[in-house]
Structure formats: structure tokens, C-alpha cells
Amino acid sequence: MILITEFMNSLSVNKLKQNYEVIYDPNLVENQKNILPLLKSTKALIVRNRTKVTHDLIDHAPKLLCIGRLGVGLDNIDIDACKKRKITVFPAVGANTKSVVEYVITSSMYLMREAYDFNSEMLKGDWPRQKASGNEINNKRLGLIGFGEIAQETNKVAKLLGMKSQAYDPYLPYNSKHWKETKKVELEELLKTSDVISLHTPLTKQTYHLLNEKNLDLVKSSSIIINASRGGTVDEIALCKKLKKGELRGAAIDVYENEPLNSNNSNMFKGIKNLI
């Protein structure tokens, strides 16, 4: 039996149902205790990033053979527990690469240009020409924190638009062929010299709050920060403080430390005009 606990394309679900017994219930992720009774006969589990595949969950699935992850990050899956049980984990490598690349580039253009924030003034009859002149990403320096597949593809598109690039990735071997496509730098240099900083890292003990208050203080006030990797890699409270003080040009956040957002943990983002 295949158990799917989060949203999945209906065409794909129906295709699986043609050959296998499938339980598809995207609401299970909202109350994960309800997943456990369904695991007794589950041989394949399909999740996104919100289902916590813990050691306890795996213990409730004696017949589990594999886990499909609809995405690339594996921080919600206990990989060590899977290895002990010889459960194979299949991430959907490349599935959302183009989507993330588009998000990073589009957010960079929007925040760098700034002109789009003056719609209301224009409609009132004002003509804020100088304030709305904005800027271009052409000839700006893109700093990529992490230089895996998505960052590499982002780099290709950015260079086609006239951007320069540099990257920090302590896990990519020094002699990797991919370093031919960008400048290899340390994190401090990247933060101090990049005009657009884009995070492309998993969430680990080492990357938790990688962009904390101390590191954010190294970033130029004219720079943009984009996080489409994992919530928790950026200290959101420190980031909001910098934005409210005008110490950053802007930021785009596609992932959050606490997901989904609610009225309590979203208050810090309210009223920040240069935040996507």
C-alpha cells in the first residue's frame, strides 16, 4: 500500500491508483498522529516537507520499503533511522529547480527596481520619477550560499542577465568542475561584497540561523537577501529589524522557520514594504 500524506498532483495520484492500493489524504499532515494507524500495511510513503518522518513513525511501519520526497530537502526525514531499516529515500531531484530559479531572479529584479512600490502615488497623480528610477541587476554581484544544482542553475540565468557571481560552499570539493562557473569565496567576503544574496542550503545544525544578526551586519545596506531554501537558515527577527531600520534594500522569503505562518508568528513581517 502507498500512503500519501501531503498534496500531490491528481494525475500522478490517479496513475499510481491504476496499479497500487493508494491512500491519498493531504489533510493527514495537519494532524500527524492520524498517520500512525495507517502505517501497519504501508510499503511506500510519499511526503513533502511538513510530514515529520521520525524514528517513531518508522517504527510504526514494519513493512515500509521506501519513502518518496516531493522536493529535494531531507531535513524532515530521519535518514539514520531509514538506513538502519534499509528504507530507500527518493528525493525528487530537479523537480522544482526551474521554479526556484525563476523565484530568485524575479525577486531580485523586483526588489532592485523598487519602482513597483509607487503605484498608489502614481494613481494619486504624483510623479515620483527620481524615487522610482530604481536599479538594474545587470552588472550586480550575485552571492550564492550553497552551490548545488539549484544554485548552479540560478548562476547560469543570472550570468545571462549580466550579473557577476560568487559562491560559498564548504562541502563542494575545491577541485569540482562547478567552481569554473563562479568565484569561490568565504562566507564573510560573500556577505560584504554581494548585491544579491541567495541561500541554497539544507537546514542542519551548521546552517541554522546561518544569517544571524552578526552576519547580517556584514551585508551592505544596498543589498537584497533571498531565502528559497529552508526556513531557519535565516534569523527572521534579525532580518526584519534590519529591513525596518532601512539597513537592507529588501528581502524575499519563500520559506519560514515556523510553517505554516499564523497570526502569532507572522506579526514580525507586517508593515515591511520591501519584503516579499
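Scroll up to find the structure.
Quantities reported herein were computed from a predicted structural model and do not represent experimental measurements. (Residues numbered from 1 in each chain as written. Predicted model: local features only at pLDDT ≥ 70, side-chain atom pairs only at ≥ 80, totals over all residues. Heavy atoms only, no water.)

*Asks:* Describe the overall build of the protein chain, naming the residues involved and giving the relevant values.
*Replies:* Helix and strand content of the protein chain: 9 helices and 11 strands. Within the span of the protein chain, comprising 276 residues, buried residues form 44% of the whole. Sequence separation of at least 24 residues holds for 55% of the intrachain contacts in the protein chain that already meet a minimum separation of 6. Carbon and sulfur atoms form 51% of the exposed surface of the protein chain, whose accessible area is close to 15,500 Å². Between the centroid of the 40 positive side chains of the protein chain and the centroid of its 31 negative side chains there is a distance of 3 Å. (Helix = DSSP H or I, 4+ residues; strand = E, 2+ residues; numbered from the N terminus. Buried < 20%, exposed > 50% of the residue type's maximum accessible area, 1.4 Å probe, protein only. Contact = heavy atoms within 4.5 Å. Areas by Shrake-Rupley, 256 points an atom, 1.4 Å probe, with all protein chains shown as cover. Lys, Arg positive; Asp, Glu negative; His and termini not counted. Charge placed at Lys NZ, Arg CZ, Asp CG, Glu CD.)

*Asks:* Mind laying out the nonpolar core, listing which residues take part and the relevant values?
*Replies:* Ranked by size, the top nonpolar core spans 24 residues in total, and within it I145, L191, L211, I225 and L239 carry the most contacts. Breaking this core down by element, the ones donating at least two residues are α7 (187-193), β9 (196-199), α9 (236-244) and β11 (250-253). For this core, the leading source of residues is α9, giving 4 residues. When residues no more than four places from it in sequence are discounted, the contact partners of I145 are Y168, L187, L190, L191, I197, S198, L199, H200, T201, L210 and L211. In terms of nonpolar packing, the next biggest core, distinct from the first, is built from 22 residues, I137, I150, L172 and I226 among them. (Core = buried A, V, L, I, M, F, W, Y, C linked by side-chain atoms within 4.5 Å.)

*Asks:* So what's going on with empty space enclosed by the protein? Which residues, and what values?
*Replies:* Under the counting rule described, the total for this entry stands at 1 cavity of 30 Å³ or more. Elements with a minimum of two residues in the lining of the largest cavity: β10 (224-227), α9 and β11. For the lining of the largest cavity, a count of residues per class yields 8 nonpolar, 3 polar and 1 charged. (1 Å grid on protein atoms, 1.4 Å probe; cavity = no way out; pocket = protein on both sides within 12 Å on 5 of 7 lines; lining within 4 Å. Points joined across faces, edges and corners; volume = space filled by probe spheres on them. Nonpolar A, V, L, I, M, F, W, Y, C, P; charged D, E, K, R; others polar.)

*Asks:* Lay out the packing of helix α4 (residues 97-113) against helix α6 (residues 149-160) in plain terms, naming residues and giving numbers.
*Replies:* Put simply, α4 and α6 touch, their axes get as near as 9 Å, and they point 50° apart. Comparing their axes, α6 and α4 come out oblique. Read as a crossing pair, α4 and α6 show a hand that is right-handed. Contacts between α4 and α6 pair T97, V100, V101, V104 and I105 from the former with E149, I150, E153, T154, V157 and A158 from the latter. A per-class count over the contact of α4 with α6 returns 7 nonpolar, 2 polar and 2 charged. (Axes fitted to C-alpha atoms, helices over the stretch in contact; angles between N-to-C directions. Parallel < 35°, antiparallel > 145°, perpendicular 65-115°, else oblique. Left-handed = near helix turned anticlockwise from the far one by under 90°.)

*Asks:* Give a detailed account of the environment of K205, specifying residues and quantitative values.
*Replies:* Tracing the backbone through its elements, the reader meets K205 in the loop between β9 and α8 (213-216). Taking the relative accessible area as the measure of exposure, K205 reaches 81% and is therefore exposed. Sequence-wise, K205 and F147 are 58 residues apart; in three dimensions their C-alpha atoms are separated by 18 Å.

*Asks:* Can you lay out the layout of surface pockets for me, pointing to particular residues and giving the numbers?
*Replies:* In this approach, a probe sized like a water molecule rolls over the atoms, and the result shows the empty space that is left. Of the pockets and cavities examined, the largest pocket occupies roughly 1,200 Å³. If you go around the largest pocket, you meet 43 residues; those closest to its centre are V72, G73, T201, S229 and R230. Broken down by secondary-structure element, the contributors of at least two residues to the lining of the largest pocket are α4 and α6. Residue classes in the lining of the largest pocket are distributed as 22 nonpolar, 13 polar and 8 charged. Looking at the second largest pocket, it is lined by 14 residues, and the ones nearest its centre are N49, K52, Y256, E257 and E259. Each residue belonging to the lining of the second largest pocket can be placed in one class, and the counts come to 4 nonpolar, 4 polar and 6 charged.

*Asks:* Please set out the sheet that holds strand β2 (residues 22-24) residue by residue, giving values where relevant.
*Replies:* Taken in spatial order, the 5 strands line up as β2-β1-β3-β4-β5 in an open sheet, and their pairing is parallel. Each of the sheet's edge strands pairs with one partner strand only, and the pair in question is β2 and β5 (88-91). The sheet shows a mean angle of 15° between the axes of neighbouring strands, direction not considered. (Pairing = 2+ DSSP bridges.)

*Asks:* Describe unusual backbone geometry, naming the residues involved and giving the relevant values.
*Replies:* For the peptide bond that leads from E259 to P260, omega is -5°, which places it in the cis range. By the element assignment, P260 lies in the segment after β11. Even without being glycine, N139 reaches a positive phi, approximately 75°. Following the sequence through the fold, N139 ends up in the loop between α5 (119-123) and β6 (141-145).

*Asks:* Any details on the pattern of salt bridges? Residues and values, ideally.
*Replies:* Applying the stated criterion across every chain yields a total of 10 salt bridges. Where D75 meets R230, a salt bridge forms, and the shortest distance between an N and an O atom there is 2.9 Å. With D75 in the loop between β4 (66-69) and α3 (79-85) and R230 in the loop between β10 and α9, this pair connects stretches of sequence that are 155 residues apart. With a relative accessible area of 39%, D75 lands in the partly exposed category. By relative accessible area, R230 is classed as buried at 14%. (Salt bridge = Lys/Arg side-chain N within 4 Å of Asp/Glu carboxyl O.)

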